[in-house]
Amino acid sequence: MDLEALKREAALRAVALVKSGDRVGLGTGSTAKYAIEEIGRKLAAGELTGVVGVATSEASDTLARQVGIPVEPLDPRPLDIALDGADEIAPNLDLIKGLGGALLREKLTEVQARRFIVIADQTKLVEHIGEKSALPIEIARFGFLSTIERLRAVLPSGRLRQPGAQPYVTDNGNYIFDAQIPAGTDIAALERQLKGTLGVVDTGLFLGMAERAFVAAPDGVTELTPR
Ligand SMILES: O=C[C@H](O)[C@H](O)[C@H](O)COP(=O)(O)O
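Since we're looking at a predicted model, the values are computed, not measured. (Residues numbered from 1 in each chain as written. Predicted model: local features only at pLDDT ≥ 70, side-chain atom pairs only at ≥ 80, totals over all residues. Heavy atoms only, no water.)

Draft legend 1. Spotlight on the overall build of the protein chain. Looking only at helices and strands, the protein chain has six helices and 13 strands in total. Radius of gyration (C-alpha) of the protein chain: 17 Å, near the 17 Å computed for a compact globule of 227 residues. The dimensions of the protein chain, computed from C-alpha atoms along their principal axes, are 55 × 35 × 35 Å. Per-residue burial over the protein chain gives 52% buried out of 227 residues. Intrachain contacts of the protein chain at a sequence separation of at least 6 include 74% that bridge at least 24 residues. (Helix = DSSP H or I, 4+ residues; strand = E, 2+ residues; numbered from the N terminus. Rg over C-alpha atoms; globule rule 2.2 N^0.38 Å. Buried < 20%, exposed > 50% of the residue type's maximum accessible area, 1.4 Å probe, protein only. Contact = heavy atoms within 4.5 Å.)

Draft legend 2. Layout of the site of the ligand. Near the ligand you find 16 residues, and of these Ser-30, Thr-31, Asp-87, Glu-106 and Lys-124 are the closest. Its free accessible area being 370 Å², the ligand has 91% of it covered by the protein chains. Of the residues assigned to the shell around the ligand, the class counts are three nonpolar, eight polar and five charged. (Near = heavy atom within 4 Å. Areas by Shrake-Rupley, 256 points an atom, 1.4 Å probe, with all protein chains shown as cover. Nonpolar A, V, L, I, M, F, W, Y, C, P; charged D, E, K, R; others polar.)

Draft legend 3. The arrangement of the packing of aromatic side chains in detail. One pass over the structure, following the stated rule, counts one aromatic pair. When the centroid spacing of 4.9 Å and the interplanar angle of 90 degrees are considered together, the rings of Phe-144 and Tyr-175 count as edge-to-face. In this pair, Phe-144 sits in helix α5 (residues 144-154) while Tyr-175 sits in strand β9 (residues 175-179), placing the two residues 31 residues apart along the sequence. Here Phe-144 falls in the partly exposed class, since its relative accessible area comes to 21%. Since its relative accessible area comes to 9%, Tyr-175 is described here as buried. Over the aromatic face of Phe-206 sits the side chain of Lys-97, whose NZ or CZ is 5.6 Å from the ring centroid. Sitting above the plane of the Tyr-168 ring, Arg-161 keeps its charged end 5.2 Å from the centroid. (Phe/Tyr/Trp six-rings, centres within 6.5 Å; stacked < 30°, edge-to-face > 60°. Lys NZ or Arg CZ within 6 Å of the ring centre and 35° of its normal.)

Draft legend 4. Representation of the packing of helix α2 (residues 32-45) against helix α3 (residues 58-66) in the model. One can describe the packing of α2 onto α3 by two numbers: an axis separation of 9 Å at closest approach and a directional angle of 25 degrees. Here α3 runs roughly parallel to α2, going by the angle between their axes. Considering how the two elements wind past one another, α2 and α3 form a crossing that is right-handed. Of the residues in α3, those in contact with Lys-33, Ile-36 and Glu-37 of α2 are Ser-60, Leu-63 and Ala-64. Tallied by class, the residues present in the contact of α2 with α3 amount to three nonpolar, one polar and two charged. (Axes fitted to C-alpha atoms, helices over the stretch in contact; angles between N-to-C directions. Parallel < 35°, antiparallel > 145°, perpendicular 65-115°, else oblique. Left-handed = near helix turned anticlockwise from the far one by under 90°.)

Draft legend 5. Spotlight on the sheet that holds strand β8 (residues 159-160). Strand order in the open sheet made by the four strands is β8-β9-β7-β10, with antiparallel pairing throughout. Two strands in the sheet have a free side with no partner beyond their single neighbour: β8 and β10 (200-203). Pairing of β8 with β9 involves two bridges; the strand directions are antiparallel. Across the sheet, residue Leu-160 finds its bridge partner in β9, namely Phe-177. (Pairing = 2+ DSSP bridges.)

Draft legend 6. Geometry of unusual backbone geometry. Positive phi, normally seen in glycine, also occurs at Leu-93, with a value near 65 degrees. Here Leu-93 shows up in the loop between β4 (88-89) and β5 (95-96).

Draft legend 7. Region of interest: the environment of Gly-101. By the secondary structure assignment, Gly-101 is in the loop between β5 and α4 (103-110). A C-alpha to C-alpha distance of 21 Å links Gly-101 and Gln-122, two positions 21 residues apart in sequence.

Draft legend 8. Molecular detail of α2. The terminal C-alpha atoms of α2, which comprises 14 residues, lie 20 Å apart, in line with the 20 Å expected from a rise of 1.5 Å per residue. For α2, the full list of buried residues reads Ala-32, Tyr-34, Ala-35, Ile-36, Glu-38, Ile-39, Gly-40, Lys-42 and Leu-43. Lining the buried residues of α2 we find α1 (3-15), β1 (23-26), α3, β3 (81-84) and β6 (116-121). Of the residues one or two after α2, Gly-46 is the one with positive phi, at around 75 degrees. (Expected span 1.5 Å × (residues − 1).)

Draft legend 9. Structural view of the UniProt feature "active site" (unreviewed entry) in the protein chain. Mapped onto this numbering, the UniProt entry gives "active site" (unreviewed entry) at Glu-106. Residue placement: Glu-106 occurs in helix α4. Not counting the four nearest positions on each side in its chain, Glu-106 is found in contact with Thr-28, Thr-56, Asp-84, Lys-97, Gly-98 and Phe-206. (UniProt positions renumbered as here; feature names shortened; annotations may be inferred.)

What follows is the structure, given as structure tokens:
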């Protein structure tokens, strides 16, 4: 089974938790895409009714509308459920997210969900956060070189995300600083320190937020809860 088929398997398991009338947080990325498509399919087939989406990126907003999901902006009401991919999943379901650049809208949305469900293929599982993936940190454009200097004092390996001649710009008009987390780092303390760093808008650390994860491997989908 190829990776795309695994991502779709995980997404389908999560979409089975969506009920008619739910307000659903729609994640971003190559795995969340399958969840959005499946919700659209179920609405078209009459298997779900009255579902409303809150999109975590411009791309997911566009896709949701294309597949027939009504989309609303985020407001203070809780969401019934949110479905999203991740870049790393630790055994306690702490996550790294944001390699796709959507971390801020994802965190704003998913923190308001009664149930936040992660969907992934098995390559995203790690024993310790930071094992495989860099940590994306969204920073304000104004004064970004000063912010980067402050961040390098905490995470010296980090660098501005710059795929071409220009820095990568998020949907919110900000930049991203990607940094490796040194082994043995206290992740909760790191999150506090980063959030207290002037110029940082938010980080890709999603700690204590996920209720469960559906992780697909060639021999089937495993349902994980925090341990
Ligand atoms: O900004 C992107 C998001 O955090 C994605 O959920 C994450 O990068 C996982 O994406 P994918 O499912 O494409 O691996």
